[in-house]
Amino acid sequence: MAPKDRKPHVCRNPDLIRGVGKYSRSKMYHKRGLWAIKAKNGGAFPKHEKKAAAAALPEKPPKFYPADDVKKPLVNKRKARPTKLRASITPGTVLIILAGRFKGKRVVFLKQLTSGLLLVTGPFKINGVPLRRVNQSYVIATSTKADITAVNVEKFDDKYFGKKVEKKKKKGEGEFFEAEKEEKNTLPQEKKDDQKTLDAALITSIEAVPDLKSYLGARFSLKAGMKPHELVF
Amino acid sequence: MPFKRYVEIGRIALVNYGKDYGKLVVIVDVIDQNRALVDSPDMVRSQINFKRLTLTDIKIDINRVPKKKTLVAALEAADVKNKWESSSWGRKLIVQKKRASLNDFDRFKVMLAKIKKAGVIRQELANLKKQTTA
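As the structure is a prediction and not an experimental result, all values here were calculated from the model.

**Regarding the overall build of chain A**
Then comes step 1: Broken down by element type, chain A carries 7 helices and 7 strands.
Then comes step 2: Helices (α) and strands (β) of chain A occur, in sequence order from the N terminus, as β-β-α-α-β-β-β-α-β-β-α-α-α-α.
Then comes step 3: The proportion of buried residues among the 233 residues of chain A is 26%.
Then comes step 4: Across chain A, every contact between residues at least 6 apart in sequence was considered, and the portion connecting residues at least 24 apart equals 59%.
Then comes step 5: For chain A, the exposed area adds up to about 19700 Å²; of that, 56% sits on carbon and sulfur atoms.

Okay, here's the thing in structure tokens:
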């Protein structure tokens, strides 16, 4: 039988204060209908037969006893979760980056990755910030939102941004590392194409809002008389 | 030098300290040398120290301690809200509030507008200067 959607049952014995219920044991017995259950079962409470416990295999004595008592580590049931996202940060929010190479840049938020970092893009054509990860703590969320519905961010995750692991090359006789290093510093064409396709859709929706493009292109800075604790972002 | 704004029944005052900061209230009765009974359509009638009030130019015609309904009717009749919002003091407060509530994007747009306005003015000035020297 498929379980029906039931309304959650109200407590039968509400608390007068913590630890003291409204109804006594005998009243609760009546309320729960235990008398009806007993009557249905012929005067006694229905029992079921205990399941025969499977015979435990005889334990073999261990071959080795450690000299001192070995301490067992305490059980830890904590699960790793991505950082709680501030309520002011939703997909499409314009964020102000506060630290790092792009400090002061206004940037569009795309999504939160499983590591907890925020996936963000300039867009690259507007302010030079590529698809990048940024920590929530180093960001001010403004109340301006860009339209992000035309953008597909499914394929980007933490692995996309991870450092590429090179296979260890055996030292060939006479080969030096210098020849290899020159190849590594350029960005693969695939990532450049990803940036372009993502930004194309985003830029059209940004240009629809007057002044938003130049807003994203400008850096944020505190000027004279601006008090951060009084500013509304 | 003589005083122009008096504490009297019906004087509109601005609260400048406390929970009701920024509200316009009517002085409805004087309790003693330091305190008045004030009332406003959106607050419970209460006492307040004169030090927390700033008197305005506006005065309405009411009896001592009127009923709330009469008070509201008298405020409507004297059109206090519009008089306040069209006075230079009232307008300044509205501008201050608007500026405080601007978000980052709005401040950016204001900056662009200021630059544009300054550009237009400078252009006009240059034209005028050319005319006078020509």
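**Quick look at the interface of chain A and chain B**
Then comes step 1: Residue-level contacts link 17 residues of chain A with 10 residues of chain B.
Then comes step 2: At the boundary of chain A with chain B, total buried surface from both sides reaches about 980 Å², with 59% on carbon and sulfur atoms.
Then comes step 3: Contact with chain B buries area across many residues of chain A, yet Asp211, Tyr215 and Val232 of chain A alone supply 46% of it, more than any other trio.
Then comes step 4: Put simply, Arg106 of chain A and Asp104 of chain B hold a salt bridge, and the shortest N to O gap is 3.0 Å.
Then comes step 5: Where chain A packs against chain B, one counts 4 residue pairs in polar contact (both at pLDDT 80 or more).
Then comes step 6: Residue assignment for the side of chain A that touches chain B shows that the elements contributing at least two residues are strand 7 (139-145) and helix 7 (212-217) of chain A.
Then comes step 7: Partitioned by chemical class, the residues of the side of chain A that touches chain B number 11 nonpolar, 4 polar and 2 charged.

**Describing the nonpolar core**
Then comes step 1: Core analysis: the biggest nonpolar cluster contains 23 residues, and Leu110 and Leu119 of chain A have the highest contact counts within it.
Then comes step 2: Put simply, the parts of the chain that give this core at least two residues each are strand 4 (106-112), helix 4 (158-161), helix 6 (189-207) and helix 7 of chain A together with helix 4 (104-133) of chain B.
Then comes step 3: Considering every element that reaches this core, the biggest residue donor is helix 6 of chain A, with 4 residues.
Then comes step 4: Leu119 of chain A has contacts with Val108, Phe109, Leu110, Lys111, Leu113, Leu131, Arg132, Val153, Phe156 and Phe161 of chain A, leaving out every residue within four places of it along the chain.
Then comes step 5: Counting residues in each nonpolar core, the second largest holds 13 residues, with Leu14, Val28, Leu37 and Trp84 of chain B among its members.

**Details of the packing of aromatic side chains**
Then comes step 1: In this structure the tally under the stated criterion is 6 aromatic pairs over all chains.
Then comes step 2: Measuring from ring centre to ring centre gives 5.0 Å for Phe156 of chain A and Tyr160 of chain A, while their planes differ by 85°; the resulting arrangement is edge-to-face. The exposure classification of Phe156 of chain A matches that of Tyr160 of chain A, with both residues buried.
Then comes step 3: Arranged with centres 4.6 Å apart and planes meeting at 40°, the rings of Tyr215 of chain A and Phe105 of chain B form a pair that is tilted.

**Examining the sheet that holds strand 2 (residues 24-30) of chain B**
Residues and elements named next belong to chain B.
Then comes step 1: Read across the open sheet, the 5 strands follow the order 4-3-2-1-5; overall the sheet is antiparallel. Unpaired on one side and paired on the other, strand 4 (43-49) and strand 5 (53-59) mark the two borders of the sheet. For this sheet the average axis-to-axis angle between neighbouring strands, irrespective of direction, equals 40°.
Then comes step 2: The pairing of strand 1 (residues 11-15) with strand 2 spans 3 bridges and is antiparallel. When the bridges of strand 2 are listed, Ile12 appears paired with Val26.
Then comes step 3: Contacts from helix 1 (residues 68-78) reach strand 1, strand 2, strand 3 (35-40) and strand 4, with the element oriented near 75° to strand 3.

**Some points on the confidence of the model for chain A**
Then comes step 1: With 90% of its residues at a pLDDT of 70 or more, chain A has an overall mean of 86.
Then comes step 2: Across chain A, element-level confidence peaks in strand 3 (residues 93-97) of chain A with a mean pLDDT of 96 and bottoms out in helix 5 (residues 178-184) of chain A with 56.

**Here we look at a nonpolar patch on the surface**
All names here are of chain A.
Then comes step 1: A cluster of nonpolar side chains, namely Leu16, Ile17 and Val20, defines an oily patch on the protein surface of about 290 Å² accessible area.
Then comes step 2: Summarising the element assignment, Leu16 is placed in strand 1 (residues 15-17).
Then comes step 3: Under the relative-accessibility criterion, Leu16 is labelled exposed at 56%.

**A short note on the domain arrangement of chain A**
Then comes step 1: Here the domain parsing of chain A yields domain 1 (13-42) and domain 2 (93-161 + 189-230).
Then comes step 2: Relative to domain 2 of chain A, the C-alpha centre of domain 1 of chain A lies at a distance of 60 Å.

**Quick notes on helix 6 of chain A**
All names here are of chain A.
Then comes step 1: Given a rise of 1.5 Å per residue, 19 residues ought to cover 27 Å, and the 26 Å separating the end C-alpha atoms of helix 6 matches this to within 8%.
Then comes step 2: Remark: the principal bend of helix 6, roughly 25°, maps to Asp199.
Then comes step 3: All buried positions along helix 6 are accounted for by Lys191, Asp194, Gln195, Leu198, Asp199, Leu202, Ile203, Ser205 and Ile206.

**Here's the deal with unusual backbone geometry**
Then comes step 1: Here the residue pair Gly122 of chain A and Pro123 of chain A is connected by a cis peptide bond, since its omega of -5° sits within 30 degrees of zero.
Then comes step 2: Relative to the helices and strands, Pro123 of chain A resides in the loop between strand 5 (118-121) and helix 3 (124-127).
Then comes step 3: The backbone phi angle of Asp211 of chain A is positive, close to 70°, even though this residue is not glycine.
Then comes step 4: For Asp211 of chain A, the location among the structural elements is in the loop between helix 6 and helix 7.
Then comes step 5: Among the residues examined, Asp211 of chain A registers a relative accessible area of 34% and is labelled partly exposed.
Then comes step 6: Residues other than glycine seldom take positive phi values, yet Val65 of chain B does so here, at roughly 50°.
Then comes step 7: Looking at the element boundaries, Val65 of chain B is found in the loop between strand 5 and helix 1.

Calculation notes
- Residues numbered from 1 in each chain as written.
- Chains lettered and ligands numbered in written order.
- Predicted model: local features only at pLDDT ≥ 70, side-chain atom pairs only at ≥ 80, totals over all residues.
- Heavy atoms only, no water.
- Helix = DSSP H or I, 4+ residues; strand = E, 2+ residues; numbered from the N terminus.
- Buried < 20%, exposed > 50% of the residue type's maximum accessible area, 1.4 Å probe, protein only.
- Contact = heavy atoms within 4.5 Å.
- Areas by Shrake-Rupley, 256 points an atom, 1.4 Å probe, with all protein chains shown as cover.
- Buried area = accessible area lost by both parts, 1.4 Å probe.
- Salt bridge = Lys/Arg side-chain N within 4 Å of Asp/Glu carboxyl O.
- Polar contact = N/O pair within 3.5 Å; in protein donor to acceptor, adjacent residues only side chain to side chain.
- Nonpolar A, V, L, I, M, F, W, Y, C, P; charged D, E, K, R; others polar.
- Core = buried A, V, L, I, M, F, W, Y, C linked by side-chain atoms within 4.5 Å.
- Phe/Tyr/Trp six-rings, centres within 6.5 Å; stacked < 30°, edge-to-face > 60°.
- Pairing = 2+ DSSP bridges.
- Axes fitted to C-alpha atoms, helices over the stretch in contact; angles between N-to-C directions.
- pLDDT = per-residue confidence, 0-100.
- Patch = residues over 30% accessible without salt bridge, like charges linked within 9 Å, V, L, I, M, F, W, Y side chains within 5 Å.
- Domains from an automatic or database assignment.
- Expected span 1.5 Å × (residues − 1).
- Bend = angle between axes of the 7 residues up to and from the residue.

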